[in-house]
Amino acid sequence: YDTLRSGLRNFIVVSLVLHDLGHMPRGIRLDSGDLSYLSLTVHRIFLQFATDHPDRSFFKDLDIVASNDINEEVLHSLNKQGHAITVFGIGTNLVTCQAQPALGCVYKLVEIDSKPRMKMSQDFEKVLIPGRKVAYRLFGEKGWPLLDLLVRQEEKDDIKAGKRILCRHPFIEQKRVAVVAKKGCGV
C-alpha cells in the first residue's frame, strides 16, 4: 500500500463522489510512514487541488489526522521537522504509562464470505498471510514451549501431538524447523 500513489488518489476520488452526492469529506488519516513528510505532501496536494478546482475549495479545509503510537517524543519530533497534521490520534500512550506498557493490538481483516483477503503494505511487517488461521503453542518433552504455530483453518486437523510438523517462518522462506511436539494446545 502506497500512501501517496494509492491511498491519497483513492481518497480524492471518493471525496469528489461524496461531495457530488451532497456529503462533505472530513479528511485523511496517516497511520504509518514518515508522518511529517506525508502530511506536508498531502497538504500541498490538497491546496493545489483546491486552487486548480475552485468548485472543490473544501480540499483546503480537510483534516490530516495522524496516528501510530503517537507519544510526547513523536510530537516534539514532528514539531521540530514541521508538519501539516491537524488532528492527532493518541490512544495507547494516553491511557497507559510508558513504564507500564500496554499490549498494542491491531485487528486485520483476513476473510470475507470465506474468501481469503490480504493486506498490502510497503511495510513488510504489516503484510499478512491471507485467510482464517488457528494458533497453536507446541510444547517439547520437558513441558517447555517450543514455538507458536499459525495454520490455516482447513489445516487445523493436521496438528497432533507426536506428529512431525514442518514449521516455516512466515516471511523468511529459508527459516524452517521440523518439530515433534509432545503436546500442543490452541492458543
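What you see is a predicted model; the values in this text were computed from it and never measured.

1. A few points about unusual backbone geometry
Backbone geometry places D113, a non-glycine residue, at a positive phi of 50 degrees. Assessed through its relative accessible area of 69%, D113 is described here as exposed. Of note, S114 is a non-glycine position whose phi angle comes to about 65 degrees, a positive value. Note that S114 resides in the loop between strand 4 (111-112) and strand 5 (115-116). Of the residues examined, S114 reaches a relative accessible area of 63% and is grouped as exposed.

2. Details of the sheet that holds strand 1 (residues 27-30)
The strand order across the open sheet formed by 3 strands is 1-2-3, and the pairing between neighbours is parallel. Across the chains shown, the open sheet's two edge strands, defined by having one partner strand only, are strand 1 and strand 3 (87-89). Between one strand and the next, the sheet's axes are offset by a mean angle of 20 degrees, whatever the strand orientation. One ladder, built from 3 bridges, connects strand 2 (residues 63-67) with strand 3; its direction is parallel. Directly across from V65, in strand 3, lies its bridge partner V87. Docked against the sheet, helix 2 (residues 35-52) engages strand 1 and strand 2, running at close to 165 degrees with respect to strand 2.

3. What about the confidence of the model for the chain?
When pLDDT is averaged across the chain, the result is 85; 88% of the residues are at 70 or more. Here strand 10 (residues 183-186) is the element of the chain with the lowest mean pLDDT, 62, and helix 2 is the one with the highest, 96.

4. Description of the nonpolar core
Counting residues in each nonpolar core, the largest one holds 20 residues, and the members touching the most others are I28, L35, F46, F59 and I64. When contributions to this core are tallied by element, the ones reaching two or more residues are helix 1 (3-20), strand 1, helix 2 and strand 2. Here this core takes 6 residues from helix 2, the largest share from any one element. Y136, L149, I159 and V179 belong to the second-largest nonpolar core, a separate cluster that totals 11 residues.

5. As for a nonpolar patch on the surface
A cluster of nonpolar side chains, V13, V17 and L21, forms an exposed patch at the surface whose accessible area comes to about 290 Å². For V17, the location among the structural elements is in helix 1.

6. Some details on the side chain of R56
With respect to the element layout, R56 can be found in the loop between helix 2 and strand 2. Since its relative accessible area comes to 14%, R56 is described here as buried. Within the structure, the side chain of R56 is placed 3.2 Å from the side chain of H19, a separation counted as a polar contact.

7. Looking at the packing of aromatic side chains
Tallying each qualifying case throughout the model produces 4 aromatic pairs. Their ring planes at 50 degrees and their centres at 4.5 Å tell us that F49 and F59 sit as a pair that is tilted. One end of the pair, F49, is in helix 2; the other, F59, is in the loop between helix 2 and strand 2, and 10 residues separate them in sequence. When its relative accessible area of 1% is taken as the criterion, F59 is described as buried. Here a set of aromatic residues connected by ring pairs shows up, and it is made of F11, F46, F49, F58 and F59.

Basis of the calculations
Residues numbered from 1 in each chain as written. Predicted model: local features only at pLDDT ≥ 70, side-chain atom pairs only at ≥ 80, totals over all residues. Heavy atoms only, no water. Buried < 20%, exposed > 50% of the residue type's maximum accessible area, 1.4 Å probe, protein only. Helix = DSSP H or I, 4+ residues; strand = E, 2+ residues; numbered from the N terminus. Pairing = 2+ DSSP bridges. Axes fitted to C-alpha atoms, helices over the stretch in contact; angles between N-to-C directions. Contact = heavy atoms within 4.5 Å. pLDDT = per-residue confidence, 0-100. Core = buried A, V, L, I, M, F, W, Y, C linked by side-chain atoms within 4.5 Å. Patch = residues over 30% accessible without salt bridge, like charges linked within 9 Å, V, L, I, M, F, W, Y side chains within 5 Å. Areas by Shrake-Rupley, 256 points an atom, 1.4 Å probe, with all protein chains shown as cover. Salt bridge = Lys/Arg side-chain N within 4 Å of Asp/Glu carboxyl O. Polar contact = N/O pair within 3.5 Å; in protein donor to acceptor, adjacent residues only side chain to side chain. Phe/Tyr/Trp six-rings, centres within 6.5 Å; stacked < 30°, edge-to-face > 60°.

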